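Here's the letter readout for the chains.
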Amino acid sequence: MKKTCKRLLVSLMATVMLFSLAACSGSSNQPASGGTPASTSPGGAALDFPKQDITLIVPYAAGGTTDLLARALTTQLSDDLGVNVIVQNVEGGGGTTGTSQAVNSKADGYTLAICSNGGYLINPEINEVGYTWETTTPICIVSEIPIALGVAASSPYETLQDLIDAAAAAPGSVTYVSPGANSTPHLLVAAVGQQAGVQWNHSPNSSSPAAIAELIGGHIDAVSVNLPTFKSYTNDGSVRLLAVTGDERDPSYPDVPTFKELGYDFPASVYFCIVGPADMDPAVAQRLSDAVGTAMENADVQDSFTKLEFPMSFTSSEDFAARIPGDFALYEGILKDLGILS
């Protein structure tokens, strides 16, 4: 009888231990109802973010490239973050007014800016705009785009060398337009001119369609702008491209040489990035970066980027931060070579 009771007691204790182990296993940090695991801070505590709507400042007019990219992301971002992500257009200063407003806001992750590398890295180096890249928190890059130099189809310039030869024969006679003074497309052609030993006449115009209309009308000689902007004009045959940036020719333009193969190795591109104020909680920056990365995997978002003809080039917060010093050194060197910086 005693042996029987002892066996029953041992069996009962084993059963209790099994249930206890199962309960401990079930209480690990697993998502409930199939959801995604909660984000955690560096200390391991659950991240209580976001709790309110997020403002994404576009430092340009509604309907422009940056605005369209932002709006392509926000619906899916809102779904993933569980709060509204609201686009706010704040124009002025070549993109620096809105960016400054965002990066000088409270560093809580609820106010961000989406801007180009020109407004983020280059303009603050030349002008006092209320921020530098060192006073921001990089969140991510969403798209990186080659730059192209184009002429009207009726232009006598068939090649980049033709354009250079014309500028050499009559210094200052060849006029090109870019989206703005000290923008990446401007610096590209300026650097090419310096290397070739010729003097261009640069005319900034923030409206790419207006600049291309001037080009087709024969009022200017060339336009330097991001490659997708030329798409409809190359499709209808009104514009001819002379060169494009990149290590290899663009698949959409296999007959257009790269600047690099023509001897002008300027590793330039226009990229669009999301940034926030300095001293943001790294866990918040990572949460936002992850959310953008997830949004960019969505089929509707991918379709929107495809229709805009902008490649999806996601770079995480960590990788973006690691890249910035090299990009800054590149542009700083070019600005000094061109005499824009001392």
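Thresholds applied
- Residues numbered from 1 in each chain as written.
- Predicted model: local features only at pLDDT ≥ 70, side-chain atom pairs only at ≥ 80, totals over all residues.
- Heavy atoms only, no water.
- Pairing = 2+ DSSP bridges.
- Helix = DSSP H or I, 4+ residues; strand = E, 2+ residues; numbered from the N terminus.
- Axes fitted to C-alpha atoms, helices over the stretch in contact; angles between N-to-C directions.
- Contact = heavy atoms within 4.5 Å.
- Polar contact = N/O pair within 3.5 Å; in protein donor to acceptor, adjacent residues only side chain to side chain.
- Expected span 1.5 Å × (residues − 1).
- Buried < 20%, exposed > 50% of the residue type's maximum accessible area, 1.4 Å probe, protein only.
- 1 Å grid on protein atoms, 1.4 Å probe; cavity = no way out; pocket = protein on both sides within 12 Å on 5 of 7 lines; lining within 4 Å.
- Points joined across faces, edges and corners; volume = space filled by probe spheres on them.
- Nonpolar A, V, L, I, M, F, W, Y, C, P; charged D, E, K, R; others polar.

K.L.:
Even after reading the chapter, I still don't get the sheet that holds strand 4 (residues 136-145), so can you show me in this structure?
P.N.:
Overall, mixed pairing links the 5 strands, which are arranged 2-1-3-10-4 in an open sheet. Only two strands of the sheet have a single neighbouring strand rather than two, namely strand 2 (85-89) and strand 4. Neighbour-to-neighbour, the strand axes of this sheet turn through a mean angle of 25°, independent of strand direction. Of the pairings in the sheet, the one linking strand 4 to strand 10 (residues 270-277) comprises 8 bridges and is antiparallel in character. Paired with P138 across the two strands is V275, which belongs to strand 10. Its contacts with the sheet place helix 9 (residues 282-295) against strand 1 (54-58), strand 3 (111-116), strand 4 and strand 10, and it is angled at close to 15° to strand 4.

K.L.:
Explanation requested: the side chain of N205 in the structure shown.
P.N.:
Relative to the elements of secondary structure, N205 occurs in the loop between strand 7 (201-204) and helix 7 (208-216). Here E214 takes part through its side chain, which lies 3.4 Å from a polar atom of the side chain of N205. Ignoring sequence-local partners within four residues, the contact set of N205 consists of V177, S178, P179, A210, A211 and E214.

K.L.:
Got a minute to help me understand helix 6 (residues 184-196) in this structure?
P.N.:
In an α-helix, one turn spans 3.6 residues, which is why side chains three or four residues apart end up on the same side. Taking 1.5 Å as the rise per residue, helix 6 with 13 residues should run 18 Å; its terminal C-alpha atoms sit 18 Å apart, in good agreement. Along helix 6, 10 of the 13 residues are buried, which leaves the element largely enclosed by surrounding structure. Taken together, the buried positions of helix 6 are T184, P185, H186, L187, L188, V189, A190, A191, V192 and G193. In the segment just after helix 6, G197 is the residue with positive phi, at about 75°.

K.L.:
Explain the layout of surface pockets here, please?
P.N.:
Over the atoms, a rolled probe matching the size of one water molecule traces out where space is still vacant. In this structure, the largest pocket encloses a volume near 1,100 Å³. What lines the largest pocket is a set of 43 residues, among which Y60, T65, P179, S206 and S208 lie closest to the centre. Residue assignment for the lining of the largest pocket shows that the elements contributing at least two residues are helix 2 (65-81), helix 4 (117-126), helix 6, helix 7, strand 8 (222-226), helix 8 (231-235), strand 10 and helix 10 (299-308). When its residues are assigned to classes, the lining of the largest pocket shows 16 nonpolar, 22 polar and 5 charged.

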